[in-house]
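Remarks on the overall topology
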Amino acid sequence: MRRVRQLIARAALFALISATITTAHDEPPKTMRERAEQEQTREKMRSLGVKSQTISVIKTAGSDGVADSSRWLTNEYDQAGNRVKQTVYDTSGVTRSISVFDDRSSWLEELTFVDDYLRDRTVFLYDRHGLISHVFSYDDLGELTGRLDYTYSSTDPNVFIEKRNQRDSLLYSILYRYEPGSDFRRQVDAVQTGGSGSPVVKVENEYILDKRSRKSVLDPDGKLTHTFSYTYTPGGDLSEVVKRLADDSIAFRQGYQYTQEGLLSVITERDGSGAVKRRLCYAYEFFRGDR
């Protein structure tokens, strides 16, 4: 069972076509802006003394009038604000991921256990600027299963990623292009190609100031498949995500609510008609007691 571990190795790919990454498996920083944003999140957890975050899924009540509620995952933090453990609850078992950080809060490695048996180990390497350069994945016997290589252009504001298997065969690549002069704050587009070089998906982004306002996803033929539009709170936190299909019909809306301290509290997902389909509810424990 490698579903949860694969989210880390494929986080860059998942981010291309999804609304947001709500799995809590982050992609290591590939730009200084991403590094700064991750540091801001870590500092918030540290300053508030967050010890754990538990996410439960509440689905719309069925014909019997009973809502389906289930615990999805729990994140645990150290006192520096680093997420050191994640537990994902699944009908087929429980997956636990243990993360190791250095004294500068750089993510060094992750060990993943399924029902208490080690299944995967991932090691992260960084360049002298603190940006990710390589990600190596190993199985429970310590054998290499794949890697991600990051290349930074010295002339254009681009980042190039290659995913290779244990035999060094190219599985896919992603080219991220940023607006010149934006200091990597505005990503113009991202193109994923398969191992043979054939196009798989392209994403085009639009911004208002430095906040992404729209993301368009195109198929290999360059045809629009769907879009995401983003709105934000006055403080800059995500407020709503709307997914629209190629015919401009609404597939779903996600509304975001926060605690007084700025911690995410509820994500409400509605279908195209506006009916609530499910809610993700966030509960917290603190090192200094309940708030």
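Throughout what follows, the structure given in this document is the object of discussion. A quick note: this is a predicted structure, and the numbers were derived from the prediction, not measured.

Attention now goes to helix α3 (residues 32-48). The terminal C-alpha atoms of α3, which comprises 17 residues, lie 24 Å apart, in line with the 24 Å expected from a rise of 1.5 Å per residue. Considered for burial, the residues of α3 that qualify are Arg33, Glu34, Arg42, Met45 and Leu48. On the buried face of α3, the contacting elements are β1 (50-59), β2 (68-77), β10 (170-178) and β18 (276-286). Once α3 ends, the next one or two residues include glycine 49, with phi positive near 70°.

Let us now look at the pattern of salt bridges. By the definition in use, this model includes 19 salt bridges. Note that glutamate 43 is salt-bridged to arginine 46, the shortest N-O span being 2.6 Å. Separated by 3 residues within a single helix, glutamate 43 and arginine 46 lie in helix α3, roughly one turn from each other. Accessibility expressed as a relative area gives 29% for glutamate 43, which makes it partly exposed. Overall, arginine 46 belongs to the partly exposed group, its relative accessible area being 36%. Of the charged contacts in the structure, one is a salt bridge between arginine 104 and aspartate 102, with a shortest N-O distance of 3.8 Å. Residue classification places arginine 104 among the exposed positions, given a relative accessible area of 66%.

A positive phi is found at aspartate 115, a non-glycine position, where the angle reads about 50°. Residue placement: aspartate 115 occurs in the loop between β5 (107-114) and β6 (117-126). Under the relative-accessibility criterion, aspartate 115 is labelled partly exposed at 38%. One non-glycine residue, aspartate 183, lies in the positive phi region at around 55°. Mapped onto the elements of the fold, aspartate 183 is located in the loop between β10 and β11 (187-194).

Following the sequence through the fold, threonine 259 ends up in the loop between β16 (250-258) and β17 (264-271). Placed 23 residues apart in sequence, threonine 259 and tyrosine 282 show a C-alpha to C-alpha distance of 9.8 Å.

Take the packing of aromatic side chains next. What the rule picks out here adds up to 4 aromatic pairs. Geometry around tyrosine 176 places lysine 30 over its ring, the cationic atom sitting 4.3 Å from the centre. For the cation-ring pair, arginine 71 lies above tyrosine 89, with the distance from its terminal atom to the ring centre recorded as 3.8 Å.

Let us look at the pairing of strand β9 (residues 158-165). As a general feature of sheets, a regular strand has side chains that alternate between the two faces. Of all 8 residues making up β9, 7 are buried, and the element is well covered by its neighbours. Looking at chain direction, strand β8 (residues 144-152) and β9 are connected through 7 bridges and run antiparallel. When the sheet's bridge partners are listed, arginine 147 is paired in β9 with arginine 164. Hairpin connection of β8 to β9: 5 residues between the antiparallel strands. Across 7 bridges, the pairing between β9 and β10 is antiparallel.

Basis of the calculations
Residues numbered from 1 in each chain as written. Predicted model: local features only at pLDDT ≥ 70, side-chain atom pairs only at ≥ 80, totals over all residues. Heavy atoms only, no water. Helix = DSSP H or I, 4+ residues; strand = E, 2+ residues; numbered from the N terminus. Expected span 1.5 Å × (residues − 1). Buried < 20%, exposed > 50% of the residue type's maximum accessible area, 1.4 Å probe, protein only. Contact = heavy atoms within 4.5 Å. Salt bridge = Lys/Arg side-chain N within 4 Å of Asp/Glu carboxyl O. Phe/Tyr/Trp six-rings, centres within 6.5 Å; stacked < 30°, edge-to-face > 60°. Lys NZ or Arg CZ within 6 Å of the ring centre and 35° of its normal. Pairing = 2+ DSSP bridges.

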